[in-house]
Amino acid sequence: MAASNPLDGYTVDPSTIRYVGRELQRPECILAEPDGTLWAADARGGVTRIAPDGSQRYVGQRADTRFGDGADDAGAAVQARYTQGTLPNGLAFAADGSILISNFGTDRLEIMDRDGRTRTLIDNIDGQPIGKVNFVLRDTRDRVWLTVSTRVNPWTRALADRVRDGYVAVLEDGRIRVVADGFHFTNEIRLDAREQWLYIVETTGPRITRMRLDESRPGEVRLVDREIFGPAHLGGLPDGIAFDAHGNLWATLIMVDRLIALTPQGDMRLLLDDGDAEASANLMRRFDAGTLRSEDMQRARGAIAPWMASITFGGPDLRTVYLGSLFGTRIPCFRSPVPGLPMAHWPRAGR
């Protein structure tokens, strides 16, 4: 008989949520270390390091203040804040502890040491501009996986029009190459526990796709056997994902601000709904009809992690869940009934 799922009957109790950090700027992605240190993407052009004692500092070569200077969240101000200048998005630790940054503003994969010194790793593939690089992931074999949401500029048009030009690339043995394309606004990716399948968020799918890793050619991993995992329409726009140790895939639905989980069998469970019901319904109705407007997106947000964008397991036992967001200024967290799946930088038994 299959073991019971730790998420059976579980939902997040909002009264148990506490917060970490203060005055953060677009903490979209969060990295956690075993000692409790957190690293949050920072719209000024780097990251904010939050120590276990709660103290924090900005790490970056220079601070771009345009994101924080935005006086309002509507119209041209939002367009400029999200389409111009530096905009660190996805984060991952390199093997030496440096931070890989997928910069959604500069269209580059960057690497920054822990003192803020930054250099560009990738800004083109086969001589062509890389596009809107969204997320970066390192696996246990030191391959670096990269998602690009679109090559359309401005990227907001690709989101509204459901353009299907997103792709996944891999940096392997010093060479970057595209391994899968034709996605609806590619967002976060994760590997399962055995690193046999890559799970790919298609934000405007709105769904999650997975592809099997084919390693039959030494030094040249390929992605094959593409299939939809879970519902073909998630009822919201997926953004961030993370596995727990049982094999559940947790996912954020941005703007409707829901946290869901897909069981190993692909069944969807609602864990937290912090969205505005009326605004969320309007958003998805217009999205499905192809009439989505900027004002529809701006209206739809919750209070806990406004525009909930990512999920990270941390704490010494990997049972603390942190939620990243685009409009939040602090990081909500709560305890999970099941630990998260350790990422490549996390100490593992036998390693």
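My aim in this report is to walk through the structure given alongside it, one point at a time. (Residues numbered from 1 in each chain as written. Predicted model: local features only at pLDDT ≥ 70, side-chain atom pairs only at ≥ 80, totals over all residues. Heavy atoms only, no water.)

Helix and strand content of the chain: five helices and 26 strands. Relative to a compact globule of 351 residues, whose C-alpha radius of gyration would be 20 Å, the chain shows 19 Å and is just as compact. In terms of overall dimensions, the chain has a C-alpha envelope of 50 × 50 × 45 Å along the principal axes. Working note: accessible area of the chain is about 14,300 Å², and carbon and sulfur atoms make up 46% of it. In the chain, 43 positive and 47 negative side-chain charges are present, and the distance between their average locations comes to 1 Å. (Helix = DSSP H or I, 4+ residues; strand = E, 2+ residues; numbered from the N terminus. Rg over C-alpha atoms; globule rule 2.2 N^0.38 Å. Areas by Shrake-Rupley, 256 points an atom, 1.4 Å probe, with all protein chains shown as cover. Lys, Arg positive; Asp, Glu negative; His and termini not counted. Charge placed at Lys NZ, Arg CZ, Asp CG, Glu CD.)

Attention now moves to the pairing of strand β21 (residues 249–254). Counting buried positions along β21 gives six out of six residues, so the element sits mostly inside the fold. Residues L249, A251 and L253 line one face of β21 and the alternating positions W250, T252 and I254 line the opposite face, and both faces are buried. Taken together, the five bridges between strand β20 (residues 237–243) and β21 define a ladder with antiparallel strand orientation. Within the sheet, the bridge partner assigned to L237 lies in β21 and is I254. Hairpin connection, β20 to β21: the antiparallel pair is bridged by five residues, and G247 has positive phi, about 105°. (Buried < 20%, exposed > 50% of the residue type's maximum accessible area, 1.4 Å probe, protein only. Pairing = 2+ DSSP bridges.)

Read across the sheet, four strands follow the order β1-β26-β25-β24 without closing on themselves; strand pairing throughout is antiparallel. Bordering the open sheet on either side are β1 (18–20) and β24 (308–314), each of which pairs with just one other strand. Put simply, the sheet's adjacent strands are angled 35° from each other on average, direction ignored. Taken together, the six bridges between β24 and strand β25 (residues 320–325) define a ladder with antiparallel strand orientation. Bridge pairing links I311 to L323 in β25. (Axes fitted to C-alpha atoms, helices over the stretch in contact; angles between N-to-C directions.)

So, about the side chain of D42. The topology assignment puts D42 in strand β3 (residues 38–42). When its relative accessible area of 0% is taken as the criterion, D42 is described as buried. In terms of polar contacts, D42 uses its side chain to reach the side chain of T48, at 2.7 Å. Apart from the residues lying within four places of it in its own chain, the contact partners of D42 are Q25, V47, T48, Y58 and P88. (Polar contact = N/O pair within 3.5 Å; in protein donor to acceptor, adjacent residues only side chain to side chain. Contact = heavy atoms within 4.5 Å.)

As a further point, take helix α4 (residues 277–289). A rise of 1.5 Å per residue sets the reference length of α4, with its 13 residues, at 18 Å; its end C-alpha atoms lie 18 Å apart and thus fit the reference within 8%. All of the buried residues in α4 are A279, S280, N282, L283, M284 and F287. Looking at the buried side of α4, the elements it contacts are β20, β22 (258–262) and α5 (294–299). Its side-chain oxygen 3.2 Å from the backbone nitrogen of E278, D276 forms the N-cap of α4. At the exit of α4 stands G290, carrying a positive phi of roughly 75°. (Expected span 1.5 Å × (residues − 1).)

So, about the packing of aromatic side chains. Per the counting criterion, the structure on display carries seven aromatic pairs. Pairing W155 with F185 gives two aromatic rings, centres 6.0 Å apart and planes at 45°, and the pair type is tilted. With W155 in helix α3 (residues 155–161) and F185 in the loop between β15 (175–183) and β16 (186–191), this pair connects stretches of sequence that are 30 residues apart. On the basis of relative accessibility, which here comes to 5%, the residue F185 falls in the buried class. Feature note: the residues F104, W155 and F185 constitute an aromatic cluster, connected by ring pairs. Sitting above the plane of the F104 ring, K132 keeps its charged end 5.5 Å from the centroid. Note that R301 overlies the ring of F327, its terminal NZ or CZ placed 4.1 Å from the centroid. (Phe/Tyr/Trp six-rings, centres within 6.5 Å; stacked < 30°, edge-to-face > 60°. Lys NZ or Arg CZ within 6 Å of the ring centre and 35° of its normal.)

All right, on to the pairing of β22 then. Burial analysis of β22 places four of its five residues in the buried class, which makes it a mostly covered element. Taking the residues that link successive antiparallel strands as the turn, the β21-β22 hairpin has three residues, and the phi of M255 there is positive, at about 75°. Pairing between β22 and strand β23 (residues 268–273): five bridges, direction antiparallel. Paired with L262 across the bridge in β23 is M268. Linking β22 to β23, which pair antiparallel, is a turn of five residues; within it G266 sits at a positive phi near 90°.

In space, the four strands of this open sheet follow the order β6-β7-β8-β9, with antiparallel pairing throughout. Either end of the sheet is taken by a strand with one partner, and the two such strands are β6 (88–93) and β9 (118–122). Geometrically, the sheet is characterised by an average inter-axis angle of 30° between neighbouring strands, direction not taken into account. In the sheet, β6 pairs with strand β7 (residues 99–103) via five bridges, with the strands oriented antiparallel. Note on β7: the bridge partner recorded for G90 is S102.

Positionally, G90 belongs in strand β6. Expressed as a C-alpha distance, the spacing of G90 and M297, which sit 207 residues apart in the sequence, is 21 Å.

Let us look at the environment of R258. Counting through the fold element by element, R258 comes out in strand β22. Measuring from C-alpha to C-alpha, the distance between R258 and W307 comes to 9.3 Å, with 49 residues separating the pair along the chain. If sequence neighbours within four positions are ignored, R258 has contacts with G235, A251, T252, L253, L270, L272, D273, S280 and M308. Among the polar contacts listed, one links the side chain of R258 to the side chain of D273, at a separation of 3.5 Å.

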